[in-house]
Amino acid sequence: MGKKRINQLLEQLKENQQQDLQNAAAIFTVAQVAVNRLREQVEPVETVPARAALPGTEVAALLPAAPIPIERAELERRYGSYTACRQAAKAQGIKFSKTPSWPQLSVAFGYLEACQQMVQSYLQAHPNEQLKGVSIELKLG
């Protein structure tokens with residue numbers, strides 16, 4: 001094989017690996033939402049409907065439990081390496097102002113999953129056809 005063909009195959013392998021990472025992240029997110037829904041069915045979470053919230057009622061009563069950081073070992077299992085984890089974070093819309101540490105990646109992925117669960121719940125409760133093809137970028141802190 002020529003050098004050009006080898007480079008072409010390596011590039012294709014990188015693209016396939018990136019797609020696999022994105023697919024794995026999407027599958028995990030869907031599975032996590034399903035697990036959380038099952039938990040809610042078994043242990044109903046008491047929440048106050050947004051419209052029924054009284055002045056002075058804390059917003060925290062409307063939110064699920066605090067996001068759980070994803071352990072470094074789990075991130076390494078999912079993505080393979082620090083670099084691949086950063087690439088997966090970027091592909092899922094997680095941006096950092098500087099090179100992130102493992103703890104920052106851990107917390108960011110935990111918050112991403114929690115936010116995705118809240119958004120999915122909200123979209124199921126309040127669907128709207130006009131949101132097809134719309135994405136929203138949130139800035140944290």
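Look up: the structure comes first, before these words.
Criteria and thresholds
Residues numbered from 1 in each chain as written. Predicted model: local features only at pLDDT ≥ 70, side-chain atom pairs only at ≥ 80, totals over all residues. Heavy atoms only, no water. Patch = residues over 30% accessible without salt bridge, like charges linked within 9 Å, V, L, I, M, F, W, Y side chains within 5 Å. Areas by Shrake-Rupley, 256 points an atom, 1.4 Å probe, with all protein chains shown as cover. Salt bridge = Lys/Arg side-chain N within 4 Å of Asp/Glu carboxyl O. Buried < 20%, exposed > 50% of the residue type's maximum accessible area, 1.4 Å probe, protein only. Axes fitted to C-alpha atoms, helices over the stretch in contact; angles between N-to-C directions. Helix = DSSP H or I, 4+ residues; strand = E, 2+ residues; numbered from the N terminus. Left-handed = near helix turned anticlockwise from the far one by under 90°. Contact = heavy atoms within 4.5 Å. Nonpolar A, V, L, I, M, F, W, Y, C, P; charged D, E, K, R; others polar. Parallel < 35°, antiparallel > 145°, perpendicular 65-115°, else oblique.

A. Molecular detail of a nonpolar patch on the surface. There is a patch of nonpolar side chains on the surface, built from Val107, Tyr111, Val119, Leu123, Leu131, Val134, Ile136, Leu138 and Leu140 and spanning about 850 Å² of accessible area. Looking at Leu138, the relative accessible area reads 59%, which means it is exposed.

B. View of the packing of helix α3 (residues 82-91) against helix α4 (residues 102-125). Two elements in contact, α3 and α4, have axes separated by 11 Å at closest approach and are oriented at 35°. Classified by chirality, the crossing of α4 by α3 is left-handed. When α3 is examined against α4, the residues Tyr82, Cys85, Arg86, Ala88 and Ala89 are found in contact with a partner set consisting of Trp102, Leu105 and Phe109. Split into classes, the residues belonging to the contact of α3 with α4 amount to 7 nonpolar, no polar and 1 charged.

C. Structural detail: the packing of helix α2 (residues 72-79) against α4. Where α2 contacts α4, the two axes come as close as 9 Å, and the packing angle between them is 75°. Between α2 and α4, the angle is such that the two are roughly perpendicular. Here Arg72, Leu75, Glu76, Arg78 and Tyr79 of α2 lie close against α4, whose contacting residues are Trp102, Leu105, Ser106, Phe109 and Glu113.

D. Structural context of the pattern of salt bridges. Scanning all chains against the criterion turns up 5 salt bridges. Between Glu74 and Arg77 there is a salt bridge, with its nearest N and O atoms 2.6 Å apart. You can see Glu74 and its partner Arg77 sitting in helix α2, 3 residues apart, about one turn around the helix. Residue classification places Arg77 among the exposed positions, given a relative accessible area of 59%. Residues Arg78 and Glu113 are paired through a salt bridge, measuring 3.1 Å at the closest nitrogen-oxygen approach. Here Glu113 lies in helix α4 and Arg78 lies in helix α2, a separation of 35 residues in the sequence. A residue is classified by how much of its surface remains accessible, and Arg78, at 15% relative accessible area, is buried. Of the residues examined, Glu113 reaches a relative accessible area of 10% and is grouped as buried. Each of Glu74, Arg77, Arg78 and Glu113 takes part in one network of salt bridges that share partners.

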